[in-house]
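Here is what each chain is made of, one letter per residue.
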Amino acid sequence: MKLVGQLTPPGDKSISHRLGLLSLLAQGRCEVGGFSPSADCASTLAAVAALGGGVERVGERVILSGAAGRLRPGQTIDCGNSGTTMRFLMGLLAGAGGRFVLDGDESLRGRPMERVAEPLRRMGARVECAAGGRPPVIIQGGGLRGGQFDLPVASAQLKSALLLAGLQADGPTTVNEPAASRDHTERLLAQWGAQIRRDGLSCTVWPGLLRLPAQIWTPADASAAAFFCCGAAILPGSRLVARGVLLNENRLGWLRVLERMGGRVDVRRQGDDPEPWGDIGVEFSPELRAVEVGAAEIAAIIDEAPILALTASQCHGVSVFRQVGELRVKESDRLAAIIGQLGALGADLRAEGDDLIVRGPTPLRLPDAPLKSFGDHRIAMVLRVAGLLAGGWPRIDDEACMAISHPAFNDDLRRLAGMAS
């Protein structure tokens, strides 16, 4: 099977989350084109509306009306499956007067929140997590103090939570990262009128209100594009173009790894508003070679690690992904899921501590038993691409979870593979 044709992935999930949540601290009204149709971003919009922000859907557009920081206290917010929604809201609500409760589904209740809660307490917020530092999270906000924070890991969610809290503190808040993570929050803060300074891996924000632009467009999701582009690189005869994709360098770690593997890639930048975007062309790449992905690169590819692991299974040699332990605390234990489920298809993978080792190239075969997604959209998506490489369309338990990030994933994949719906 092969992937041939053009694709426009859904609007970028990371930017869409931020557009909705930052509107709670902004004045004005904004028409958003290309807002992500994902279930996670629907959770964000529901939270925005519950807290007093204006949310209106008009066709494929979303109209946001800023709440200017005047939020409704006493709310219990259902974050669904979205860790981004919850962690951002922890920082945002830490500066709001009143009591709030953040909760989510069974998967989200198993994910760690103490990493965000601890620095917010140092800023003066009262933040309580359930046993093990998991949700639900209770926040009594207000009276925040600015300060300087050195993050233990590169994390855009933790960084963003502290910057949103810093907008409501009594002075400047500085966040220092050990390595670069996604910078969408900093970009939007600067575009929306925040007093913000970036210097290498350090970012400082001063308190103040934001102002919404009249219009904004969301480029196509780079992480969603990765599954199709990497699939095209390993499926013989493929030739694919992903259109209008976000080209922020902090989101293209997966593409750089694919290029190092020997992937035949052509990137054409088309614009820069609100961030760089353009088209990514990929064709079948028969001479892929193994790579080592260092620990400093992992933060930039954590969402794309499953599809890169599958790609590595078709490379010549032994690929090593260093320090991917963060995969254990995503929507599922992704490290175990990648090894177990791709292994069921015939891939040769193993863990050595927190490192993932992949030997290739290995032919894949369709299993007799259904594959397991563990309710994790990224796992379901990589298994669907792996199924094409094995020559079919295997059964996958709970593949409806793909709606968390890309509701039309199967439809898009079938169309590009020339399969009847």
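Just so we're clear, the structure is a prediction, and the values are computed from it rather than from any experiment.

Draft legend 1. Inspection of the overall build of the protein at higher detail. Tallying secondary structure elements over the protein gives 13 helices and 24 strands in all. The buried share of the protein, taken over its 421 residues, is 58%. For the protein, the share of sequence-separated contacts (at least 6 apart) that also reach a separation of at least 24 residues comes to 74%. Distance between charge centres in the protein, computed from 46 positive and 46 negative side chains, equals 1 Å.

Draft legend 2. Geometry of the sheet that holds strand β11 (residues 173–176). Spatially, β10-β11-β13-β12 is the arrangement adopted by the four strands of the open sheet, whose pairing is mixed. Of all strands in the sheet, those bounded by a partner on one side alone are β10 (147–150) and β12 (196–199). The mean angle between the axes of side-by-side strands here comes to 15°, regardless of whether they run parallel or antiparallel. Two strands pair when backbone bridges link them, and β11 and strand β13 (residues 202–205) are joined in this way by four bridges, in the antiparallel orientation. Across the sheet, threonine 174 pairs through a bridge with threonine 204, a residue of β13. Its contacts with the sheet place helix α6 (residues 184–191) against β12 and β13, and it is angled at close to 140° to β12.

Draft legend 3. Representation of the pattern of salt bridges within the structure. According to the stated counting rule, one finds 34 salt bridges in the structure shown. Here aspartate 279 and arginine 243 are joined by a salt bridge, their closest N and O atoms 2.7 Å apart. Of this pair, aspartate 279 sits in strand β18 (residues 277–283) while arginine 243 sits in strand β16 (residues 239–246); the two residues are 36 residues apart in sequence, bridging distant segments of the chain. A salt bridge links arginine 269 to aspartate 272, with the nearest nitrogen and oxygen atoms 2.2 Å apart.

How each quantity is defined
- Positions within a chain are numbered from 1, following the residues in the order the chain's sequence is written.
- The predicted nature of this model means local features are confined to residues of pLDDT at least 70 and side-chain atom pairs, given and counted, to a pLDDT of 80 or more, with totals for whole chains, interfaces and linings taken over all residues.
- With hydrogens and water set aside, each side-chain value is computed from the structure's full complement of heavy atoms.
- Runs of E in the DSSP output that reach at least two residues are strands. Runs of H or I that reach at least four are helices, and both are numbered from the N terminus.
- Exposure classes here rest on a 1.4 Å probe applied to the protein chains alone. A residue is buried below 20% of its type maximum, exposed above 50%, and partly exposed in between.
- What makes two residues a contact is simply this: any of their non-hydrogen atoms within 4.5 Å.
- When charges are counted, Lys and Arg contribute as positive and Asp and Glu as negative, whereas His and the chain ends are disregarded.
- Positions of charges follow a simple convention, taking NZ of Lys, CZ of Arg, CG of Asp or CD of Glu.
- Two strands are counted as paired when DSSP detects at least two bridges linking them.
- Interaxial angles span 0 to 180 degrees and are taken between N-to-C directions of axes, which are lines fitted to C-alpha atoms, for helices over the stretch in contact.
- Each reported salt bridge corresponds to a side-chain nitrogen of Lys or Arg within 4 Å of a carboxyl oxygen of Asp or Glu.

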